[in-house]
Amino acid sequence: MRTGLPLTADDLALTRFAVSPMWEVVAACRALAADPVPVPHRRWAAQVRPRLAAAGLDRGWLAELVPPHGHLPDFLNPVPDRPVTDLAAELAAIRATGPALLRHDLDCLHADRADRADRADRADRADRGNRDGRDGRGGRSGPRLRALEREPEQALRRITAEIEAFWQLALAPYWSRIGAVLEADVLRRARRAAERGSAAVLGELHGTVRWADGTLHLSERHCAVTRIPTGAGLLLVPSVFAWPRLLTRTVSPDPPQLCYPALGAATVWEHRPAPRAEALAPVLGRTRTRLLAELDVPASTTELAARCGITAPAASQHLTALRTAGLVSSHRAGRFVLYARTAVADGWLAALP
């Protein structure tokens with residue numbers, strides 16, 4: 001699909017960047033739903049899939065709302081209101097979704113399901129099954145989409161509760177690294193805009209994006225961009241999980257959003273050998289130093305205790321002290337508590353000889 005997004009001088013003047021936790025949630029769900037998972041994200045997926053499955057999140061609302069291909073519900077990506085958006089603010093905006101946007105998204109999701117069902121039927125007519133699970137528009141609608149139609153306010157509360165659980169298990173333990181890459185991307189592109197202008201930045205966002213004659217040209221099958229009223233501007237959202245795609249959102253009267261792969265996104269998941277942390281032992285103690293070194297990958301108290309050869313209560317006590325000092329963070333979702341190194345601790349370890 002080839003689409004063009006004409007930009008006026010006002011649009012360029014109002015172009016801005018934003019870091020959005022919800023775009024990462026949606027893009028991460030799409031990456032997990034892909035078969036196979038995109039190469040840069042496989043190490044992360046291998047770590048989080050067992051947690052999500054144990055919490056039942058591999059078959060919940062997000063699994064139904066975010067398919068591996070096709071329409072991404074626009075209501076899941078409200079317009080960020082600041083350069084680095086807070087997840088709680090985005091969840092509040094989702095809970096306040098208006099009926100018109102919700103109806104549009106449901107229609108698109110039903111149409112996608114109908115299209116996939118029709119293609120499956122044509123591929124194997126003998127395996128149609130019965131039509132009891134089809135909705136009035138010819139698509140197979142799951143129970144959660146039907147609940148979203150019948151009781152939208154209650155369903156939206158359940159969706160945001162599940163997003164919070166997904167965030168704690170799949171993204172929050174890694175956010176120190178993810179956020180650093182996203183913010184670095186914004187700084188690099190802002191410097192580029194200062195040196196060469198906004199048009200140069202727009203033309204370098206993605207291989208499917210081309211800037212020419214006052215129009216931003218998008219040539220990718222899954223992108224569907226329609227023009228909205230002049231002067232709405234343009235919102236550019238870097239993402240670790242969008243790779244290799246460019247994702248879009250256009251909802252009048254909001255500015256169009258382009259979610260593009262951040263520079264250096266693949267480096268988030270690179271294996272980092274355990275640092276030579278002995279120099280910290282006289283300051284932190286040998287056990288706490290070992291715990292920090294082991295947290296290259298977020299882990300539970302039980303996992304860390306086994307790796308370090310100590311009891312779980314002892315590991316919990318040391319982790320509490322490290323958290324109080326701002327060197328580790330804890331992330332709870334149900335019965336899961338995961339610990340991760342903070343940016344401060346990463347900086348300490350990176351500075352060691």
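Note that this is a predicted model, so its numbers are computed, not measured. (Residues numbered from 1 in each chain as written. Predicted model: local features only at pLDDT ≥ 70, side-chain atom pairs only at ≥ 80, totals over all residues. Heavy atoms only, no water.)

Some remarks on the overall build of the protein
No. 1: Within the protein one finds 15 helices and nine strands.
No. 2: Relative to its 353 residues, the protein shows a buried fraction of 50%.
No. 3: Within the protein, contacts between residues separated by at least 24 positions form 70% of all contacts whose residues are at least 6 apart in sequence.
No. 4: In the structure as shown, the protein presents an accessible area of about 16,500 Å², 54% of it carried by carbon and sulfur atoms. (Helix = DSSP H or I, 4+ residues; strand = E, 2+ residues; numbered from the N terminus. Buried < 20%, exposed > 50% of the residue type's maximum accessible area, 1.4 Å probe, protein only. Contact = heavy atoms within 4.5 Å. Areas by Shrake-Rupley, 256 points an atom, 1.4 Å probe, with all protein chains shown as cover.)

A short note on the nonpolar core
No. 1: Ranked by internal contacts, the top residues of the largest apolar core, which has 77 residues, are W44, F75, L148, F166 and L171.
No. 2: For this core, the element with the most residues is helix α8 (residues 152–171), which contributes nine residues. (Core = buried A, V, L, I, M, F, W, Y, C linked by side-chain atoms within 4.5 Å.)

Focus: helix α7 (residues 143–150)
No. 1: Taken as a whole, α7 has its buried residues at L145, A147 and L148. Buried positions in α7, seen along its axis, are confined to an arc of 160° and lie on one side of it. Residues of α7 that are exposed and point more than 90 degrees away from the buried face comprise P143 and R150. (Arc of directions from axis to C-beta.)

A word on the pattern of salt bridges
No. 1: Summed over the entire model, instances satisfying the criterion amount to 14 salt bridges.
No. 2: Put simply, D254 and R249 hold a salt bridge, and the shortest N to O gap is 3.1 Å.
No. 3: Across the pair R341 and D296 runs a salt bridge, and its minimum N-O distance is 3.9 Å. Of the two residues, R341 is situated in strand β9 (residues 336–341) and D296 in the loop between α12 (286–294) and α13 (301–308); the sequence distance between them amounts to 45 residues. Across this residue pair, the class does not change: R341 and D296 are buried.
No. 4: Salt bridges here are not isolated pairs; linked through shared partners, they connect R43, R177, D296, R341 and D346. (Salt bridge = Lys/Arg side-chain N within 4 Å of Asp/Glu carboxyl O.)

What to know about the pairing of β9
No. 1: Where burial is concerned, most of β9 is hidden: five out of the six residues are buried.
No. 2: Hairpin remark: strand β8 (residues 328–333) followed by β9, antiparallel, with two residues in the connecting loop; positive phi at G334, about 65°. (Pairing = 2+ DSSP bridges.)

Some details on unusual backbone geometry
Only a minority of non-glycine residues have a phi that is not negative, and only a minority of peptide bonds are not trans.
No. 1: The omega angle of the peptide bond from D35 to P36 is 5°, so this bond is cis rather than trans.
No. 2: Within the element layout of this structure, P36 appears in the loop between α2 (21–33) and α3 (42–54).

Describing the confidence of the model for the protein
No. 1: Averaged over all residues, the pLDDT of the protein is 83; the fraction at 70 or higher stands at 85%.
No. 2: In the model of the protein, strand β1 (residues 2–6) stands out as the element of lowest mean pLDDT, 66, in contrast to helix α5 (residues 87–95), which has the highest, 97.
No. 3: A low-confidence stretch, residues 130–139 stays under pLDDT 50, and its non-local contacts, those more than four residues away or across chains, total 20 contacts.
No. 4: Low pLDDT, under 50, characterises residues 221–231; the stretch is placed with 32 contacts to residues that sit more than four places away or in other chains. (pLDDT = per-residue confidence, 0-100.)

Concerning the environment of A170
No. 1: Tracing the sequence through the fold places A170 in helix α8.
No. 2: The class of A170 is buried, set by a relative accessible area of 0%.
No. 3: Separated by 163 residues in sequence, A170 and A333 have C-alpha atoms that sit 10.0 Å apart.
No. 4: Excluding residues within four positions of it along the chain, A170 makes contact with W44, V48 and L52.

Structural notes on the packing of aromatic side chains
No. 1: As enumerated under the stated definition, the model contains five aromatic pairs in all.
No. 2: Ring centres 4.9 Å apart and planes at 55° place the aromatic pair W167 and W175 in the tilted group.
No. 3: Given a relative accessible area of 10%, W167 falls into the buried group.
No. 4: Judged by centre distance (5.7 Å) and plane angle (45°), the ring pair of F241 and W269 falls under tilted. Remark: W269 occurs in the loop between β7 (257–261) and α11 (281–284) and F241 occurs in the loop between β5 (235–239) and β6 (247–249); sequence separation between them is 28 residues.
No. 5: The exposure class assigned to F241 is buried, which follows from its relative accessible area of 2%.
No. 6: According to the relative accessible area criterion, W269 is buried, its value standing at 6%. (Phe/Tyr/Trp six-rings, centres within 6.5 Å; stacked < 30°, edge-to-face > 60°.)

Description of the packing of α7 against α8
No. 1: At a closest axis distance of 6 Å, the pairing of α7 and α8 adopts a crossing angle of 130°. Comparing their axes, α8 and α7 come out oblique. Across the interface between the two elements, A147, L148, E149 and R150 from α7 touch P152, A155, L156 and I159 from α8.
No. 2: Residues of the contact of α7 with α8, tallied by class, amount to six nonpolar, no polar and two charged. (Axes fitted to C-alpha atoms, helices over the stretch in contact; angles between N-to-C directions. Parallel < 35°, antiparallel > 145°, perpendicular 65-115°, else oblique. Nonpolar A, V, L, I, M, F, W, Y, C, P; charged D, E, K, R; others polar.)

Observations regarding the sheet that holds β7
No. 1: A sheet is described by the order of its strands in space; here four strands give the open sequence β2-β5-β7-β6, paired in mixed fashion. Each edge of the sheet is formed by a strand with only one pairing partner; in this case those strands are β2 (16–17) and β6.
No. 2: Examined bridge by bridge, β2 and β5 share two bridges and lie parallel to one another. By the bridge assignment for β5, R16 is matched with L235.
No. 3: Against the sheet, helix α9 (residues 175–196) touches β2, β5 and β7, its axis set at about 135° to β5.

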